[in-house]
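# Geometric and topological summary
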Amino acid sequence: MEKTLQLIRYQLGKGKWNIVFGLSRPTKDRLARRIMGLLTLSTGILLLVMILVLFARSWPILAIKPLEELLFSTTWQPLQGAFGFYPFIMGTLWVTMIAMIIAAPPSLLTAIYLAEYASSRTREIVKPLIDLLAGIPSVVYGIWGVLTVVPFVQDVIAPFLGHWFGFIPLFQVNNPTGYSILAGGIVLAVMVFPVIIAVSEEVIQAVPQGLREASLALGATRWQTIKHVVLRYSLPGVMAAIVLGFSRAFGETMAVLMVVGNVPQVPHSIFDAAYPLPALIANNYGEMMSIPLYDAALMGASLILLLVVLLFNLISRLILMRLVRFE
Amino acid sequence: MVQPHMQFRQLNIWYSSRQALKNVTAEIPARGITAIIGPSGCGKTTLLKSLNRLLEETDGIRVEGEVLLGGENIYDPSVDVTKIRTRVGLLASKPFPLPMSIFDNVAYGPRIHGQYSGSLSEVVERNLKTAGLWEEVYDRLGTPAARLSTGQQQRLCLARALAVEPEVLLCDEPTSALDPISAQRIEIQLKAIKEKMTIVVVTHLLRQAHRLADHVIFLWLGELVESGPANQVFNSPRDERTRAYLSGDIG
């Protein structure tokens, strides 16, 4: 072994790789290209394999239960063999929608400020900070949610909204704990800020300077220019940014799981607890596997999640691609 | 001597640390076409864009001196820049149709200012006619402006600028992106409206300057070398550099 290493070092020192492998430079170039191409290909195939495996593993339940029962039944009683995903799907949708409603407007305004008003110096300082937010582990967001957001919902938001707007079902307080879809939505919103800001800021910045000047030269104010020209021009890209944030929120597991309460019910108020799909899978996979079909049901849930997130990602990528092509 | 419409007074402009214009003092007479000529990079466009303060959109720009519009310094802090740009319009070197219909492009200026004479469709029709585009688009005013050819787009931009009814129209190499036929049409339109407004054209084409200009401002490396009536500058230049540039020896 030592001898071989010595030999390699010797050959390296003399730059004699060609002799070691007995290959010409063009051959090595081709070989390197093949290997890297294969690696790239396998990344793509990985996704396909995952979908196929999830499908195969969830087949036992897909084969015997009608799809509408799985998707729309509200009964989740694994022991009785009833696997209705509806409460979990609704839980996911509620949390995601609340997150998007909270996150989208301020993110957009931030992106507009950064792209249109801020000096290039401010931009250079703020953008990396925002990107940094995206790198914080989601469990940290979860802990922050438990320590701060849940008590805040419990002690401030719920009493206030419940007192003044409790007659609206959406704001009824039936759950005194604060572990609720609102808490989940708030935590998620903070997590998707950086995604929406970063993508939409880039899209807005890509608007040709000449277009801005055309509007300004007609005597438009900066805000008129943004509203009528810049945003209109970049609208598809901004939509794509929001959809991208949406798909990020849809699949987020850990942070939501920690603050949302995890009660398998269809929520009716923002203060209700819920049990989103990712939380269901993370909490239960590997347990209670003695129950027939349980494993297949969880795989089915994963499959739904994967396909939905994939779909949203695909949509936003397509919009962004189209946008670039029309430049 | 007629009162000049716009004036540069000891104008100095820097991009960060590079000085683009050095102590320029010149006049732009009312009505007719004033051509700013000179080789590339001599500050022609900078000088032009100082006239409607669009320069301020560039990072790191610094302006010293005065630019007068009818006797008023447009760089005075109390001046509302949108008012200046309403009075001093711009036709850019490349057409940038706004992301909306042909009609809305022309109506954009009058709409944001909320004032126009007659109905909006009259305003649109009148200005498209002035720009020589009406005949080609009157039956599809609702289609996106981006579908027009480049030459048509540039005439649309002209109509859009005119719809605000500016006193002065700045043209930054208005035909440089166009084919010869489209370029000629733009020149024809400019000549047709020069009786009614002051036009300032930046061009690096001497032949175009010959065709269009009533007055000439010649810049060389950020300095004003010579300015005056076109026939005087072209036929009996006072400065040696002007003569050399016009005869093709330099630049």
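Residues numbered from 1 in each chain as written. Chains lettered and ligands numbered in written order. Predicted model: local features only at pLDDT ≥ 70, side-chain atom pairs only at ≥ 80, totals over all residues. Heavy atoms only, no water.

Assigned secondary structure in chain B consists of 10 helices and 10 strands. Computed over C-alpha atoms, the radius of gyration of chain B comes to 18 Å, within 12% of the 18 Å expected from 2.2 N^0.38 for 251 residues, which places it in the range of a compact globule. Principal-axis analysis of the C-alpha atoms gives chain B an extent of 55 × 40 × 35 Å. Expressed as a percentage of its 251 residues, the buried residues of chain B come to 55%. When contacts within chain B are restricted to residue pairs at least 6 apart in sequence, those whose partners lie at least 24 apart make up 66%. A total accessible area of about 10900 Å² is found for chain B, and carbon and sulfur atoms account for 47% of it. (Helix = DSSP H or I, 4+ residues; strand = E, 2+ residues; numbered from the N terminus. Rg over C-alpha atoms; globule rule 2.2 N^0.38 Å. Buried < 20%, exposed > 50% of the residue type's maximum accessible area, 1.4 Å probe, protein only. Contact = heavy atoms within 4.5 Å. Areas by Shrake-Rupley, 256 points an atom, 1.4 Å probe, with all protein chains shown as cover.)

This paragraph deals with unusual backbone geometry. We note that Leu293 of chain A has phi near 70°; this positive angle belongs to a residue other than glycine. Locating Leu293 of chain A in the fold gives a position in the loop between helix 12 (277–284) and helix 13 (294–325). On the basis of relative accessible area, Leu293 of chain A is assigned to the partly exposed category, the value being 25%. Even without being a glycine, Asn23 of chain B presents a positive backbone phi close to 50°. Considering the arrangement of structural elements, one finds Asn23 of chain B in strand 2 (residues 18–29).

Right, let's talk about the packing of aromatic side chains for a bit. Residues and elements named next belong to chain A. Overall, the coordinates contain 15 aromatic pairs over all chains when judged by the stated rule. Ring geometry for Phe55 versus Trp59: centroids 5.7 Å apart, planes at 40°, classification tilted. You can see Phe55 and its partner Trp59 sitting in helix 3 (residues 25–64), four residues apart, about one turn around the helix. Phe55 sits in the partly exposed class, given a relative accessible area of 40%. Residue Trp59 is classed as partly exposed on the basis of its relative accessible area of 46%. Considering the side-chain rings of Trp76 and Phe85, the 5.9 Å spacing of their centres and the 35° angle between planes classify their relative orientation as tilted. (Phe/Tyr/Trp six-rings, centres within 6.5 Å; stacked < 30°, edge-to-face > 60°.)

Bringing the domain arrangement of chain A into the picture now. Residues and elements named next belong to chain A. You can read the domains of chain A as domain 1 (2–64) and domain 2 (70–325). Centre-to-centre separation of domain 1 and domain 2, based on C-alpha positions: 37 Å. Here domain 1 packs against domain 2, burying approximately 1100 Å² in sum over the two surfaces, 86% of which is carbon and sulfur. On inspection of domain 1 and its partner domain 2, the count reaches one salt bridge. Here Asp295 and Arg57 are joined by a salt bridge, their closest N and O atoms 3.3 Å apart. Summed over the shared surface of domain 1 and domain 2, the number is two residue pairs in polar contact (both at pLDDT 80 or more). Here the side of domain 1 that touches domain 2 is built from residues that sort into eight nonpolar, one polar and one charged. (Domains from an automatic or database assignment. Buried area = accessible area lost by both parts, 1.4 Å probe. Salt bridge = Lys/Arg side-chain N within 4 Å of Asp/Glu carboxyl O. Polar contact = N/O pair within 3.5 Å; in protein donor to acceptor, adjacent residues only side chain to side chain. Nonpolar A, V, L, I, M, F, W, Y, C, P; charged D, E, K, R; others polar.)

The next point concerns the pairing of strand 9 (residues 215–220) of chain B. Residue and element names in this part refer to chain B. Counting buried residues along strand 9, five of its six residues qualify, which places the element largely inside the surrounding structure. Across four bridges, strand 3 (residues 32–37) lies against strand 9 in parallel orientation. Looking at the pairing, Ile36 lines up with Ile217 of strand 9. The sheet contact formed by strand 9 and strand 10 (residues 223–229) spans six bridges and is antiparallel. Each bridged residue has a counterpart across the sheet, and for Leu219 the counterpart in strand 10 is Leu224. Once strand 9 ends, the chain turns through two residues before running back antiparallel as strand 10, passing Leu221 with a positive phi of about 50°. (Pairing = 2+ DSSP bridges.)

With 21 residues of chain A at the interface, the matching set in chain B holds 22 residues. Across the pair Arg222 of chain A and Glu57 of chain B runs a salt bridge, and its minimum N-O distance is 3.0 Å. Taken together, the connections running from chain A to chain B amount to six residue pairs in polar contact (both at pLDDT 80 or more). At the level of elements, helix 9 (209–217) and helix 10 (222–251) of chain A are the ones that each hand at least two residues to the side of chain A that touches chain B. The element contributing the most residues to the side of chain A that touches chain B is helix 9 of chain A, with eight residues.

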